[in-house]
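What follows is the residue order along each chain.
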Amino acid sequence: MKTTVIDIDPENINEDAIRKAAILIRKGEVVAFPTETVYGLGANALDASAVHRIFEAKGRPSDNPLIVHICDISMLEEVAEHVPSKAHLLMERFWPGPLTIIMKKHKKIPYEVTAGLDTVGVRMPDHPIALALIRSAGVPLAAPSANISGRPSPTKPEHVIADMQGRIAAIIAGGTCKVGVESTVLDLSGDNPVLYRPGGITLEMIEGVIGKVDTAPGILKPVFAEGAVPSPGMKYKHYSPKARVIIVDGPIDRVIARIKKEADAYRQRGYNVGIMATEQTKAMYSEYMVIAVGDREKPETIAAALFDTLRLFDKAKADVVLAEAVDTNGVGLAIMNRMVRAAGFDIIHA
Ligand code: TXA
Ligand code: MG
């Protein structure tokens with residue numbers, strides 16, 4: 001399949017270019033588009049065969065449901081059967097934005113989208129191109145992250161092109177995604193709210209609006225027991241660069257010392273070693289291949305650059321990446337949730 005790359009400036013949207021992409025969506029094709037979190041792989045959420053094409057392009061297991069993206073609240077009527085009052089409060093506060101809310105699904109949403117579940121995840125992305133595309137197509141868009149299943153989520157057009165060229169009809173190239181990690185996934189379909197995936201809208205922010213939220217097991221640890229996984233996406237290996245990633249956790253001085261020790265040992269065995277550090281610590285590793293992912297004092301900078309940095313280590317042909325852990329407060333929980341998966345839960349406590 002020939003993939004058309006459509007360039008659109010998010011600051012100055014070309015409506016003709018949006019219409020071109022929207023026509024492809026209406027025809028049942030798959031189009032990649034930017035959101036504030038990561039690039040998405042979009043298709044008409046009301047069209048089962050269009051949705052099927054997303055799973056094919058991504059190589060995604062068919063039991064992992066997709067998020068439905070809407071551009072205004074009225075679109076929710078054909079997506080969710082019932083909107084709980086807590087959802088209204090959160091939507092008012094955080095939409096458009098990186099918060100996905102799971103609710104009872106409307107019958108118009110095919111089971112292909114929800115992987116057979118009676119619930120659906122919905123969000124309104126905070127990105128002018130995403131909103132313009134949904135509005136022009138006139139239908140909600142089902143969209144997972146636009147990476148090949150298992151790879152780091154794409155935050156730049158070149159990541160999408162590397163993974164999806166030849167697999168989908170079009171890619172909208174619309175700049176770098178600002179948040180950099182996928183949306184927070186919150187289940188409001190049951191009696192108590194449950195956090196399945198931490199993201200840019202933090203647990204603390206959500207609890208500030210609706211009170212106590214439970215966290216699903218598996219946010220920072222693997223869940224092994226069959227049937228213990230409430231959100232199918234939690235059980236798959238994720239975000240993996242080609243290199244083996246190892247996280248080192250603990251007091252920062254000990255982390256630095258341990259990373260250097262591990263780096264030397266791997267080097268001696270002939271491995272090409274990369275170190276994922278921060279602005280505050282990169283100078284400590286000057287004799288190694290080191291990338292500062294962001295600023296420890298501003299964890300949102302780490303979130304924004306995390307997936308791009310993992311892909312950079314692949315480009316640099318690293319065999320092993322030793323990564324400094326970060327604190328799990330605020331957006332740090334989302335960062336560590338992605339890092340432990342990229343590492344296949346391989347963590348050294350220094
Ligand atoms: O920021 C994002 O959410 C991006 C952009 C494109 O919007 N999308 C994204 O989609 O990250 P995806 O498919 O990579 O992740 C969706 C996650 C998966 O972990 C999936 O299991 C969970 O949401 N999910 C979706 N619907 C669900 C449902 N009905 N019940 C439980 N989990 C659900
Ligand atoms: Mg994904």
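A. Geometry of the overall build of the chain. Scanning the chain from N- to C-terminus turns up 10 helices and 17 strands. Computed over the C-alpha atoms, the radius of gyration of the chain is 20 Å, within 12% of the 20 Å expected from 2.2 N^0.38 for a compact globule of 350 residues. In terms of principal-axis extent, the alpha carbons of the chain reach across some 60 × 45 × 40 Å. Counting all 350 residues of the chain, 56% fall into the buried class. If you take every contact in the chain between residues at least 6 apart in sequence, the share linking residues at least 24 apart comes to 68%. Counting only carbon and sulfur atoms, one obtains 50% of the accessible surface of the chain, whose full area is about 14,700 Å². Of the charged side chains in the chain, 41 are positive and 42 negative, and the gap between their average positions amounts to 4 Å.

B. Quick peek at the layout of surface pockets. What the largest pocket holds in volume is close to 800 Å³. In this structure, the largest pocket is lined by 49 residues; those nearest its centre are Arg60, Asn64, Pro65, Ile67 and Arg197. The set of elements that each furnish at least two residues to the lining of the largest pocket consists of strand S4 (67-69), helix H4 (111-114), strand S7 (119-123), strand S10 (184-187), strand S11 (194-197) and helix H10 (332-342). Of all the elements, S7 adds the most residues to the lining of the largest pocket, at four residues. Per-class residue counts for the lining of the largest pocket are 20 nonpolar, 19 polar and 10 charged. Reported here for the second largest pocket is a volume of approximately 300 Å³. Lining the second largest pocket are 19 residues; nearest its centre among them are Glu36, Asp126, His127, Lys178 and Val179. For the lining of the second largest pocket, a count of residues per class yields eight nonpolar, six polar and five charged.

Criteria and cut-off values
- Residues numbered from 1 in each chain as written.
- Chains lettered and ligands numbered in written order.
- Predicted model: local features only at pLDDT ≥ 70, side-chain atom pairs only at ≥ 80, totals over all residues.
- Heavy atoms only, no water.
- Helix = DSSP H or I, 4+ residues; strand = E, 2+ residues; numbered from the N terminus.
- Rg over C-alpha atoms; globule rule 2.2 N^0.38 Å.
- Buried < 20%, exposed > 50% of the residue type's maximum accessible area, 1.4 Å probe, protein only.
- Contact = heavy atoms within 4.5 Å.
- Areas by Shrake-Rupley, 256 points an atom, 1.4 Å probe, with all protein chains shown as cover.
- Lys, Arg positive; Asp, Glu negative; His and termini not counted.
- Charge placed at Lys NZ, Arg CZ, Asp CG, Glu CD.
- 1 Å grid on protein atoms, 1.4 Å probe; cavity = no way out; pocket = protein on both sides within 12 Å on 5 of 7 lines; lining within 4 Å.
- Points joined across faces, edges and corners; volume = space filled by probe spheres on them.
- Nonpolar A, V, L, I, M, F, W, Y, C, P; charged D, E, K, R; others polar.

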